[in-house]
Amino acid sequence: MMDSSKTTLSIDWEDFGQLFGKYHYGYESEPANGAIERQTEIILDLLSETNNKATFFILGILAKYRPELVKKIAARGHEIAIHGQNHESMFSMNPQAARKDIEDCLKLVTDITGGEILGYRAPFFSVNQDNLYLLNILADLGFIYDSSIFPLKMPRYGIDGFSEKDTLYELPDGKQLVELPLTVATYLGRKFPVAGGGYIRLMPKALVNKIFNDQIKSNRNKMIYMHPYEFDTHKIDVSSNYPLDVSRYSLRVLALNFRWNLFRNSVRFKIRDLLKQHRFITCLEKALNVKTNGTSTKLLGC
Ligand SMILES: [Zn+2]
């Protein structure tokens, strides 16, 4: 029988407008607008319709303004994990600041849901060979798994040669942590980061289905990562929420809107297809399977 038990849908639960304001205009912590409710409902409906569970990596600066929505996701039986407090790259932080960002989010989200948080994903997948000490911090804070490492060198993140398999690592201080790396597919000897965000948005549905079936046939990792805005039924207009210093019909705005909306309407249907075809488990279920069944591997360099 084909092994289809390892497919996971992870949602980096963050608000497009909040982050757009932060990165383009330096806004520190704006309340999110109403789009996040609509987008979250769409995801929850897709999961209910296909009877699947997902993992939501909750961002602190959004949870702060939308605690009821976080409670709602948890009440539907989905796993609540965290995506850090401020959506800062971990590459730009020293170990103390990184620990504080994780702890702040952990406290905020635990206070909201009352449940245990056992998983973490760094913003921008910002864990590589230079800051593997983050895994020590996570294990020390009681996390069971991390899902931040791209096993492929990309311009801004990733580690070439890092294991593509879900693995229980033994850390230098004797603690253990499961790493659930992001999915890459190999075609013609080259690796491709196929399983998330823009990649799923831009690929035709038939190709997305083929890639996932190929991953299952070769018993390879299937960790999908998406963002709420990618599921929206409304078009993103970057000029609608923020005081751009240019006209909404300027080339810059048109180019940004084109970039963010290209094929976005297709995402819901592609993910729905995958949710219908495969059995999905949460990241935590996956990590616990690895922990109970697997042997540990020493992780050097952290
Ligand atoms: Zn993010």
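Read on for an overview of the structure. (Residues numbered from 1 in each chain as written. Predicted model: local features only at pLDDT ≥ 70, side-chain atom pairs only at ≥ 80, totals over all residues. Heavy atoms only, no water.)

What to know about the overall build of the chain
In terms of helices and strands, the chain carries 11 helices and 11 strands. Taking the principal axes of its C-alpha atoms as reference, the chain extends roughly 55 × 45 × 40 Å. Taking as baseline every contact in the chain between residues at least 6 positions apart, the subset at least 24 positions apart corresponds to 78%. Carbon and sulfur atoms make up 56% of the accessible area of the chain, which amounts to about 13300 Å² in all. (Helix = DSSP H or I, 4+ residues; strand = E, 2+ residues; numbered from the N terminus. Contact = heavy atoms within 4.5 Å. Areas by Shrake-Rupley, 256 points an atom, 1.4 Å probe, with all protein chains shown as cover.)

Some details on helix H9 (residues 251-261)
For H9, every residue scored as buried is listed here: Val 253, Leu 256, Asn 257, Trp 260 and Asn 261. With its buried residues spanning 115° around the axis, H9 presents them on a single face. Within H9, the exposed residues directed more than 90 degrees away from the buried face are Leu 251 and Phe 258. Each element contacted by the buried residues of H9 is listed here: helix H1 (16-25) and helix H7 (197-202). A positive phi of about 60° marks Phe 263, the residue just after H9. (Buried < 20%, exposed > 50% of the residue type's maximum accessible area, 1.4 Å probe, protein only. Arc of directions from axis to C-beta.)

Here we look at the pairing of strand S7 (residues 176-179)
Note: strand S5 (residues 145-146) against S7, two bridges, orientation parallel. When the bridges of S7 are listed, Asp 146 appears paired with Glu 179. What sits between strand S6 (residues 167-170) and S7 in their antiparallel hairpin is a turn of five residues, with Gly 174 showing a positive phi close to 95°. (Pairing = 2+ DSSP bridges.)

Some words on the packing of aromatic side chains
Taken as a whole and assessed by the stated rule, the structure comprises 13 aromatic pairs. Consider the rings of Phe 150 and Tyr 225, whose centres lie 6.3 Å apart with planes at 85°: the pair is edge-to-face. Taken together, the residues Phe 150 in the loop between S5 and S6 and Tyr 225 in strand S10 (residues 222-226) connect sequence positions 75 residues apart. On the basis of relative accessibility, which here comes to 6%, the residue Tyr 225 falls in the buried class. Among the aromatic side chains, those forming a connected cluster through ring pairs are Phe 16, Phe 20, Tyr 229 and Trp 260. The ring of Trp 260 carries the charged tip of Arg 259 above its face, separated from the ring centre by 4.5 Å. (Phe/Tyr/Trp six-rings, centres within 6.5 Å; stacked < 30°, edge-to-face > 60°. Lys NZ or Arg CZ within 6 Å of the ring centre and 35° of its normal.)

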